[in-house]
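# Summary of structural features
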Amino acid sequence: MKRFLVLVVALISSGMVAGQSSPYRLRVLSWSCQAFPRGVLIQGTVRNISSRPLQDLRVNARIIGPGLRMATNSAPLQDRNLLPGESARFELRIRTNFDTVSRCELWFRNPKVIQIATLVPNPR
C-alpha cells in the first residue's frame, strides 16, 4: 500500500509539473533606451506569449542616473489589447533632471496586475 501511495504521489507530481506552462506572459522582442538632453526615449516591440488575451496594457520604465537619481513614467501600448501570439510596438518618453543614464528598467502592467511577468532582454 505504501508503494502504491508513493507511486500515485509521484505520478500526480510529475503530471502537474509537465502540465505547467511558463510563468511569463509577455516577451520583449527588442527595445532601446536612448538618452537625449534631459530625457530618455524608450521604443520596442512586445509579444503576448501566454494562452490568454491581455487587456489595457501599459509600458512602464524607470531610468536610473548618477547618484541613484531616478525618473519614471508609463504609457498605454498602441495596441492595448493583445491576443495570444500578437505583437505590439511601444514608445515611452521620460523627462529627467540628469543627462547621463546608468540603467533603464522596463516592465508592463494593466489595471488588474501590478507587474505582468515579462521576459526582457538587455536594451540595444
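For the structure itself, consult the block above.
As the structure is a computational prediction, the values presented were derived from the model and not from experiment.

As a further point, take the overall build of the chain. Counting secondary structure elements, the chain contains one helix and eight strands. Ordered by position in the sequence, the α and β elements of the chain form the string α-β-β-β-β-β-β-β-β. Counting only residues that meet the buried cut, the chain has 32% of its 124 residues in that class. Within the chain, contacts between residues separated by at least 24 positions form 66% of all contacts whose residues are at least 6 apart in sequence. When the accessible surface of the chain is summed, it comes to about 8300 Å², and 54% of that surface belongs to carbon and sulfur atoms.

All right, on to the side chain of Thr45 then. Here Thr45 shows up in strand E2 (residues 39-48). Thr45 has contacts with Arg27, Val28, Leu29, Ser30, Ser87, Ala88, Arg89 and Phe90, leaving out every residue within four places of it along the chain.

Pairing of side chains with opposite charge becomes possible as their charged atoms draw close. With the rule as written, the count across this model stands at three salt bridges. Measuring nitrogen to oxygen at the nearest pair gives 2.6 Å for the salt bridge that ties Arg62 to Glu105. Residue Arg62 is located in strand E3 (residues 58-64), and its partner Glu105 is located in strand E6 (residues 103-110); the two are separated by 43 residues in the primary sequence. Arg62 sits in the partly exposed class, given a relative accessible area of 28%. Glu105 serves as the salt-bridge partner of Arg103, at 2.8 Å between the closest nitrogen and oxygen. Here Arg103 falls in the partly exposed class, since its relative accessible area comes to 45%. Look at the salt bridges and you will find they share partners, linking Arg62, Arg103 and Glu105 into a network.

With eight of 10 residues buried, E2 lies mostly within the body of the structure. By the bridge criterion, 10 bridges tie strand E1 (residues 26-36) to E2 in an arrangement that is antiparallel. When the bridges of E2 are listed, Cys33 appears paired with Ile42. As defined by bridge partners, E2 adjoins strand E5 (residues 87-95) across nine bridges and the pair is classed as antiparallel. Each bridged residue has a counterpart across the sheet, and for Val46 the counterpart in E5 is Ala88.

Rules of the game
- Residues numbered from 1 in each chain as written.
- Predicted model: local features only at pLDDT ≥ 70, side-chain atom pairs only at ≥ 80, totals over all residues.
- Heavy atoms only, no water.
- Helix = DSSP H or I, 4+ residues; strand = E, 2+ residues; numbered from the N terminus.
- Buried < 20%, exposed > 50% of the residue type's maximum accessible area, 1.4 Å probe, protein only.
- Contact = heavy atoms within 4.5 Å.
- Areas by Shrake-Rupley, 256 points an atom, 1.4 Å probe, with all protein chains shown as cover.
- Salt bridge = Lys/Arg side-chain N within 4 Å of Asp/Glu carboxyl O.
- Pairing = 2+ DSSP bridges.

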